[in-house]
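Examination of the molecular architecture
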Amino acid sequence: MNVAIMGFGTIGSGVYKVLTTNEDVIAKRVGEKLEVKYVLDRREFPGEPWEKLVVNDYNTIANDPDVDIVVETMGGVEPAYTFVKAMLEHGKHVTTSNKALVADKGADLIKTARDNNVNFLFEASVGGGIPIIRPILECMTGDVIEEISGIVNGTTNYIMTKMTEDGSDFDVVLKEAQDLGFAEKDPTADIEGHDAQRKIAILTSLVCCQQVEYTDIPTEGISHITATDIKYSSILGRKIKLLATSTATGDTYVARVAPYLLPPEHPLYSVDDVFNAIFVRGNMLGDAMFYGSGAGSLPTASAVVGDIVEMAKHKDMNIHLEWRPEKKVLADPSVIESRFFVRTKSSRDEVKSVFRDAEFVEGVVDGEIGFVSNVMTEADYEAKAASLDVVKMIRVK
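Now for a description of the structure that goes with this document.

Things to note about the state of the cysteines
- One pass over the full model with this rule turns up 0 disulfides.
- Sulfur of Cys 208: no disulfide; nearest cysteine sulfur belongs to Cys 209 and is 6.8 Å away.
- Overall, the relative accessible area of 11% leaves Cys 208 in the buried class.

Printed below as a string of structure tokens:
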């Protein structure tokens with residue numbers, strides 16, 4: 001079977017390496033050899049083993065009946081969407097690691113694949129090398145998914161880990177992460193939570209079988225987290241982590257991306273550095289957690305190749321995925337209950353007048369106190385906090 005790779009950057013080149021390095025093992029699992037026939041890229045690669053595979057026009061791949069499976073690792077919605085849709089319409093299976101494409105066009109591409117009796121799979125779009133989509137869709141088929149909470153961005157997790165361990169300021173650790181290659185030159189998508197926002201939208205769309213618009217998910221990043229916030233969290237015996245969460249409520253879900261203070265007993269508390277983890281609660285299974293490398297060339301490529309093998313085993317049939325294009329209306333997040341850590345310049349008496357059972361932390365910053373509220377809805381917190389001089393609020397798990 002012939003494979004084409006569209007986009008030969010970090011992930012695409014990793015897919016090539018996995019397919020060639022583990023060629024014999026993969027052939028045994030598929031039942032026949034998989035061979036890379038094309039590499040679509042704007043660049044030339046003189047002297048490289050794949051030099052003669054490079055093409056510059058996606059139609060070369062689309063119009064070649066000998067190409068069975070296409071890998072998309074270009075990133076972004078366009079031109080990836082145009083290219084992928086063309087491949088599916090020409091009867092080729094497609095796998096992608098592109099969360100922007102899946103979050104925006106997943107329902108449409110799944111339908112296109114079904115209409116053409118091929119498959120559109122995207123295991124690597126959420127957890128990188130962590131298997132999460134197939135376990136939810138296949139291993140937990142008999143469950144109602146009640147909660148998904150994940151650390152799904154290695155850049156932000158690395159930054160929060162280093163700030164916690166070293167007491168450093170955000171800007172210092174971000175620069176270090178960029179120097180080490182853990183953060184992009186423009187880190188906005190990571191540090192402002194947009195990457196995690198798309199990933200939790202994909203997972204929520206899959207568990208509720210309808211389109212969840214990522215823009216409907218309230219999202220807050222970590223760029224406002226300071227070394228002072230870390231001091232408070234340490235005194236409280238907690239860690240600050242950027243979580244992407246989705247929780248069943250009634251017949252829908254409530255989703256959010258935001259920093260949370262986690263206690264040591266929380267399953268995500270010990271997930272540090274660039275590692276990712278996704279916690280899932282099913283009404284029958286109970287609690288499960290998936291942990292591993294959430295990014296990187298070979299871990300992500302491994303998940304892509306897993307999709308390739310799955311599609312090769314189902315060459316002549318569509319693997320049914322239920323993701324309808326009708327928009328799912330999410331619940332109002334203001335009705336969800338939580339605890340809240342607050343830094344304020346208001347006095348202890350002023351705080352106690354509105355937050356009667358507050359747990360106080362004092363002596364960290366002159367002229368300021370911190371406290372943790374009791375459990376209340378977001379709406380109740382906002383109403384109570386309106387009378388205080390609030391410096392910072394971070395949610396507490």
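Focus: the pairing of strand S9 (residues 239–249)
- Within S9, 8 of the 11 residues are buried, which leaves it mostly tucked inside the rest of the structure.
- Note: strand S7 (residues 145–151) against S9, 4 bridges, orientation antiparallel. Within S9, the position partnered with Gly 150 by the bridge is Ala 244.
- Taken together, the 11 bridges between S9 and strand S10 (residues 252–262) define a ladder with antiparallel strand orientation. The residue bridging Leu 243 from the neighbouring strand is Ala 258, located in S10.
- Between S9 and S10, which pair antiparallel in sequence order, lie 2 residues; one of them, Gly 250, sits at a positive phi of approximately 65 degrees.

A closer look at the pairing of strand S2 (residues 35–40)
- Bridge count between strand S1 (residues 2–6) and S2: 5 bridges; the pairing is parallel. If you follow Ile 5 over to S2, its bridge partner there is Val 39.
- Bridge count for S2 against strand S3 (residues 54–55) is 2 bridges, and the pairing is parallel. By the bridge assignment, Leu 40 is partnered in S3 with Val 55.

A word on the nonpolar core
- Of all hydrophobic cores here, the largest spans 113 residues; its most connected members are Val 15, Ile 61, Phe 120 and Phe 122.
- Phe 120 has contacts with Val 84, Leu 88, Val 94, Thr 96, Val 102, Leu 109, Ile 110, Ala 113 and Leu 321, leaving out every residue within four places of it along the chain.
- Among the nonpolar cores identified, the runner-up in size contains 13 residues, and Phe 355, Phe 360, Phe 371 and Ala 385 belong to it.

Regarding the packing of helix H1 (residues 10–21) against helix H13 (residues 297–313)
- Running from amino to carboxyl end, H1 crosses H13 at an angle of 65 degrees, the nearest separation of the two axes being 8 Å. In terms of crossing hand, the pair formed by H1 and H13 is right-handed. Here H1 contributes Thr 10, Ile 11, Gly 14, Val 15, Lys 17, Val 18 and Leu 19 to the contact with H13, which in turn contributes Ser 297, Leu 298, Thr 300, Ala 301, Ser 302, Val 304, Val 305 and Ile 308.
- Grouping the constituent residues of the contact of H1 with H13 by class yields 9 nonpolar, 5 polar and 1 charged.

Some details on the sheet that holds strand S5 (residues 93–96)
- Pairing is parallel in the open sheet, where 6 strands are placed in the order S3-S2-S1-S4-S5-S6. Taken across any chain shown, the strands that pair with only one partner, and hence form the sheet edges, are S3 and strand S6 (120–121).
- Strand contacts of H1: S1, S2 and strand S4 (67–72), with the helix running at about 155 degrees to S1, the strand carrying the most contacts.

Let's talk about the pattern of salt bridges
- Summed over the entire model, instances satisfying the criterion amount to 30 salt bridges.
- In this structure, Glu 378 and Arg 256 form a salt bridge, with 3.7 Å as the shortest nitrogen-oxygen distance. With Glu 378 in helix H15 (residues 378–385) and Arg 256 in strand S10, the pair connects residues that are 122 residues apart, well separated along the chain. In this pair, the class of Glu 378 matches that of Arg 256, namely buried.
- Arg 324 is the partner of Glu 326 in a salt bridge, and the nearest nitrogen-oxygen pair spans 3.8 Å.
- Classification of Glu 326 as partly exposed rests on a relative accessible area of 45%.
- Salt bridges here are not isolated pairs; linked through shared partners, they connect Glu 147, Arg 281, Asp 287 and Lys 397.

Some remarks on unusual backbone geometry
- A cis amide bond links Glu 78 to the next residue, Pro 79, at an omega of 5 degrees.
- Position of Pro 79 among the secondary structure elements: in the loop between S4 and helix H4 (80–89).
- One non-glycine residue with positive phi stands out, namely Asn 117, at about 55 degrees.
- The exposure class assigned to Asn 117 is partly exposed, which follows from its relative accessible area of 41%.
- The phi torsion at Asp 273 lies on the positive side, around 55 degrees, for a residue other than glycine.
- Structurally, Asp 273 is set in the loop between S10 and strand S11 (275–282).

Concerning the packing of aromatic side chains
- For the coordinates displayed, the defined rule picks out 15 aromatic pairs.
- Between Tyr 16 and Trp 50, the aromatic rings sit 5.3 Å apart at their centres with planes inclined by 70 degrees, giving edge-to-face as the arrangement. Of this pair, Tyr 16 sits in helix H1 while Trp 50 sits in the loop between S2 and S3, and the two are 34 residues apart along the sequence. Of the two residues, Tyr 16 and Trp 50, neither departs from the other in class, the shared state being buried.
- Taking 5.2 Å as the distance between ring centres and 55 degrees as the angle between the ring planes, the aromatic pair formed by Tyr 232 and Phe 341 counts as tilted.

Some remarks on the packing of H4 against helix H5 (residues 99–115)
- Where H4 meets H5, the closest approach of the two axes is 10 Å, and the angle between their N-to-C directions is 15 degrees. Between H4 and H5, the angle falls in the class roughly parallel. Crossing handedness for the pair H4 and H5: right-handed. Each of Ala 80, Tyr 81, Val 84, Lys 85, Leu 88 and Glu 89 in H4 lies in contact with H5, whose residues at this interface are Leu 101, Lys 105, Asp 108, Leu 109, Thr 112 and Ala 113.

Definitions and cut-offs
Residues numbered from 1 in each chain as written. Predicted model: local features only at pLDDT ≥ 70, side-chain atom pairs only at ≥ 80, totals over all residues. Heavy atoms only, no water. Disulfide = S-S within 2.5 Å. Buried < 20%, exposed > 50% of the residue type's maximum accessible area, 1.4 Å probe, protein only. Helix = DSSP H or I, 4+ residues; strand = E, 2+ residues; numbered from the N terminus. Pairing = 2+ DSSP bridges. Core = buried A, V, L, I, M, F, W, Y, C linked by side-chain atoms within 4.5 Å. Contact = heavy atoms within 4.5 Å. Axes fitted to C-alpha atoms, helices over the stretch in contact; angles between N-to-C directions. Left-handed = near helix turned anticlockwise from the far one by under 90°. Nonpolar A, V, L, I, M, F, W, Y, C, P; charged D, E, K, R; others polar. Salt bridge = Lys/Arg side-chain N within 4 Å of Asp/Glu carboxyl O. Phe/Tyr/Trp six-rings, centres within 6.5 Å; stacked < 30°, edge-to-face > 60°. Parallel < 35°, antiparallel > 145°, perpendicular 65-115°, else oblique.

Geometric descriptors of this kind do not, in isolation, establish any biological role.
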